[in-house]
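One letter stands for each residue in the lines below.
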Amino acid sequence: MLHHISFGVAEIRRSAAFYDAVLGTLGYVRVWEDLQPDDPDQAVGYGLPGGGDKFTIKLRREQARSPGAGFHLAFAAPSRQAVSQFHETALARGGADNGAPGLRAHYGPTYFAAFVIDLDGHHIEAVCKSER
């Protein structure tokens, strides 16, 4: 259903460093970038190696706003260990804890997830539905 999604960020290089590290724990990489100094539309796209972007951050400076409570973006994780690494890396890079790694049985018997708030207030999640 979804082709891609974008988040507006206040500081593109700071946010790109955050997402490079955090999404790297899940196997996603920077697939393109447009980081021209003084360009108000700088952006970075992330996806699987060799593929197109599914998630993009776009410079919006003081206009960057998260949608707030009730909205979050869940990234697919290849393993429970990757979920835990996502959480640990996000916190080490300045993200805020919004739910430690663990089973969420109310979402399904194997739903293992962690929740974080990024540097601009966006709510993000890593989820693995396998038993390992």
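Let me begin by describing the structure that accompanies this report. These figures come from a predicted structure and were not determined experimentally.

**Re helix 1 (residues 12-24)**
End to end, helix 1 covers 17 Å across 13 residues, agreeing with the expected 18 Å (1.5 Å per residue, within 8%). Taken as a whole, helix 1 has its buried residues at Ile12, Ser15, Ala16, Phe18, Tyr19, Ala21, Val22 and Leu23.

**A word on the packing of aromatic side chains**
Within the structure shown, the criterion is met by nine aromatic pairs. Their ring planes at 50 degrees and their centres at 6.4 Å tell us that Tyr19 and Tyr46 sit as a pair that is tilted. One end of the pair, Tyr19, is in helix 1; the other, Tyr46, is in strand 3 (residues 43-47), with 27 residues separating them in the sequence. We classify Tyr19 as buried; its relative accessible area is 1%. Assessed through its relative accessible area of 2%, Tyr46 is described here as buried. Seen in terms of ring centroids, Tyr107 and Tyr111 are 5.0 Å apart; in terms of plane orientation they differ by 55 degrees. Their pairing is tilted. Taking relative accessible area as the criterion, Tyr111 reaches 14% and is therefore assigned buried.

**Looking at the pattern of salt bridges**
For the structure on display, the rule yields four salt bridges. Two residues, Asp20 and Arg30, come together in a salt bridge whose shortest N-O distance is 2.6 Å. Pair noted here: Asp20 is in helix 1 and Arg30 is in strand 2 (residues 29-34), with a separation of 10 residues, a long-range link. When its relative accessible area of 32% is taken as the criterion, Asp20 is described as partly exposed. Look at Arg30 and you get partly exposed, because its relative accessible area is 30%. Two residues, Glu33 and Arg30, come together in a salt bridge whose shortest N-O distance is 2.6 Å. A relative accessible area of 47% places Glu33 in the partly exposed class. One continuous salt-bridge network, built from bridges that share partners, spans Asp20, Arg30 and Glu33.

Cut-off values and rules
Residues numbered from 1 in each chain as written. Predicted model: local features only at pLDDT ≥ 70, side-chain atom pairs only at ≥ 80, totals over all residues. Heavy atoms only, no water. Helix = DSSP H or I, 4+ residues; strand = E, 2+ residues; numbered from the N terminus. Expected span 1.5 Å × (residues − 1). Buried < 20%, exposed > 50% of the residue type's maximum accessible area, 1.4 Å probe, protein only. Phe/Tyr/Trp six-rings, centres within 6.5 Å; stacked < 30°, edge-to-face > 60°. Salt bridge = Lys/Arg side-chain N within 4 Å of Asp/Glu carboxyl O.

This is a description of form; function is not addressed.
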